[in-house]
Amino acid sequence: MKKSTKTKKNTNSRDSQSKENQINVDLPREWRTSRHHPLDNIIGVISKGVTTRHSLKDACNNMSFVSLIELKSINEAIIDEHWIIAMQEELNQFEGNQVWELVDRPNDHPIIGIKWVFRNKLDEHGIVIRNKARLVAKGYNQEEGIDYEETYALVARLEAIRMLLAFASIMNLKLYQMDVKSAFLNGFIQEVYVDQPPGFENSDFPNHVFKLKKALYGLKQAPRAWYERLANFF
């Protein structure tokens, strides 16, 4: 009895294996599974080996010449060539947009301090691709009625954006997105004075200050100034 049971089990296993082989033969070639990854689907050089995220960061750092360290103070930034370049790019934006002019220090207007804010820009993989240095005003020192008056500016709500996308989808419309670089630097402003940028003071006029022609990040009235410029354009 035991021998017959084993014989039946072996026969059943052979039959099932032959059926599986028959199914694999009948299936199209592209449907068949393989434990080896097709060599045609491998991107890059096979002999190079596996590239880890850590080595990819190092490679990106060497290629794009960026700093992986996000600094907190100007004293650390002025000794790092990567952040010096980032700060100089920000000041070039100021010059290009004609944001300010160097004038004598007034006696009848308050002077608002400014500071550097350092941020690392990341891509979708979390790799640092750019060092961004932003020069912002110390708006927390401003007083309403003295340093600014109107601050209200419209902001798009998420519900409105959803309605726009839904309407465009129904009507088969094509939407375009536009990003304004250094948007607040395009808003006009009057009678605001700020200190010289830390680390970039004018050696010939160390006691002078900058009179703003355009809004500066950090000011209470900066969003309002940009909104008025944009609304007048539209």
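You'll find the structure just up there.
A brief look at the structure comes next. (Residues numbered from 1 in each chain as written. Predicted model: local features only at pLDDT ≥ 70, side-chain atom pairs only at ≥ 80, totals over all residues. Heavy atoms only, no water.)

What follows is about the pairing of strand β6 (residues 209-212). Relative to β6, strand β1 (residues 100-103) runs antiparallel, the two being bridged by four bridges. Across the sheet, residue glutamate 101 finds its bridge partner in β6, namely lysine 211. Summarising the sheet, strand β5 (residues 193-194) and β6 pair through two bridges and their orientation is antiparallel. Across the sheet, tyrosine 193 pairs through a bridge with lysine 211, a residue of β6. (Pairing = 2+ DSSP bridges. Helix = DSSP H or I, 4+ residues; strand = E, 2+ residues; numbered from the N terminus.)

Between the first and last C-alpha of helix α4 (residues 81-96) there are 22 Å, a value that for 16 residues agrees with the 22 Å anticipated at 1.5 Å per step. Of the residues making up α4, those classed as buried are Trp83, Ala86, Met87, Glu90, Leu91 and Phe94. Buried residues of α4, viewed axially, fall in a sector of 135 degrees; they line one side. Every exposed residue of α4 that faces more than 90 degrees away from the buried side is listed here: Glu81, Ile85, Glu95 and Gly96. Buried residues along α4 sit against α3 (74-77), β1, β3 (114-122) and β4 (128-137). The backbone nitrogen of histidine 82 has a side-chain oxygen 3.0 Å away, supplied by the residue at the start of α4, namely aspartate 80. (Expected span 1.5 Å × (residues − 1). Buried < 20%, exposed > 50% of the residue type's maximum accessible area, 1.4 Å probe, protein only. Arc of directions from axis to C-beta. Contact = heavy atoms within 4.5 Å. Polar contact = N/O pair within 3.5 Å; in protein donor to acceptor, adjacent residues only side chain to side chain.)

Once that is clear, we can look at the pattern of salt bridges. Evaluation of the coordinates by the stated rule reveals five salt bridges. Of the charged contacts in the structure, one is a salt bridge between glutamate 159 and arginine 157, with a shortest N-O distance of 3.6 Å. Overall, glutamate 159 belongs to the partly exposed group, its relative accessible area being 42%. One continuous salt-bridge network, built from bridges that share partners, spans Glu90, Lys132 and Arg134. (Salt bridge = Lys/Arg side-chain N within 4 Å of Asp/Glu carboxyl O.)

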